[in-house]
Amino acid sequence: PAAAAPAARVEAFYRDLAAIVGGHAGRGLPVAAATRTSEELVAAVAAGAGPLRACLQRCDAVKFAAARPDPAAHAAAHAAAVQFVQTEEA
């Protein structure tokens, strides 16, 4: 089996993923997305709240609760992010 990714790389992946979807969710809001909580962003989106919530919950678990997800969880977080962006753009 492959060695686990170093903690810093895992944290960077989820921090960056949260920034990308947060920025996308925050388009058009009067206050920058970076100053909003995950739940505030989810509440503010017109479409795709489910995938956004799924993605941000995984990101928050890594950023704030020191979770160390497995590769399947990484793929699920990425898939939720993609689904959210595609829903918002549709």
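Read on for a plain summary of the structure. In every chain, residue numbers begin from 1 and rise along the written sequence. Under the rules for a predicted model, residues below a pLDDT of 70 receive no local features and side-chain atom pairs below 80 are neither given nor counted, while totals for whole chains, interfaces and linings still include all residues. Excluded from the side-chain calculations are hydrogens and water; all other atoms, namely the structure's heavy atoms, are used.

Some words on the packing of aromatic side chains
Step number 1: Within 6.5 Å between ring centres, the rings of Phe, Tyr and Trp (the latter by its six-membered ring) count as paired, and their orientation is classed by plane angle as stacked under 30 degrees, edge-to-face over 60, tilted in between. Under the defined criterion, the tally for this structure stands at one aromatic pair.
Step number 2: Ring plane angle 85 degrees and centroid distance 4.9 Å describe the contact between Phe 13 and Tyr 14, whose orientation is recorded as edge-to-face.
Step number 3: Exposure classes here rest on a 1.4 Å probe applied to the protein chains alone. A residue is buried below 20% of its type maximum, exposed above 50%, and partly exposed in between. Residue class for Phe 13 comes out partly exposed when judged on its relative accessible area of 31%.
Step number 4: Judged by relative accessible area, which is 0%, Tyr 14 ranks as buried.

A closer look at helix α4 (residues 71-89)
Think of an α-helix as 3.6 residues a turn; residues three or four steps apart then line up on the same face.
Step number 1: The numbering of helices and of strands both runs from the N terminus, where a helix is a DSSP run of H or I of at least 4 residues and a strand a run of E of at least 2. To estimate how far a helix should reach, multiply one less than its number of residues by 1.5 Å. Helix length check: α4 (19 residues) gives 27 Å between terminal C-alpha atoms against 27 Å at 1.5 Å per residue, within 8%.
Step number 2: By the burial criterion, the buried members of α4 are Ala 73, Ala 77, Ala 80, Ala 81 and Phe 84. Each buried residue of α4 sits inside an arc of 95 degrees when the element is viewed along its axis, so together they form one side. Turned more than 90 degrees away from the buried face of α4, the exposed residues are Pro 71, Ala 72, Gln 86 and Glu 89.
Step number 3: As for α4, its buried residues are in contact with α1 (7-25) and α3 (49-65). Here the arc refers to the set of directions running from the helix axis out to each C-beta atom. Residue contacts are counted whenever heavy atoms from the two residues lie within 4.5 Å of one another.

Observations regarding α1
Step number 1: Over its 19 residues, α1 extends 27 Å from the first C-alpha to the last, a length consistent with the 27 Å expected when each residue adds 1.5 Å.
Step number 2: Turning to α1, its buried residues are Val 10, Ala 12, Tyr 14, Leu 17, Ala 18, Val 21, Gly 22, His 24 and Ala 25.
Step number 3: Where α1 is buried, its residues contact α2 (38-44), α3 and α4.

Considering the pattern of salt bridges
Step number 1: Salt bridges are identified by distance alone: a Lys or Arg side-chain nitrogen within 4 Å of an Asp or Glu carboxyl oxygen. The full count for this structure, using the stated rule, is three salt bridges.
Step number 2: The partner of Glu 39 in a salt bridge is Arg 53, and the shortest N-O contact between them spans 3.9 Å. Here Arg 53 lies in helix α3 and Glu 39 lies in helix α2, a separation of 14 residues in the sequence.
Step number 3: Given the relative accessible area of 44%, Glu 39 is considered partly exposed.
Step number 4: On the basis of relative accessible area, Arg 53 is assigned to the partly exposed category, the value being 33%.

Geometry only, nothing functional implied.
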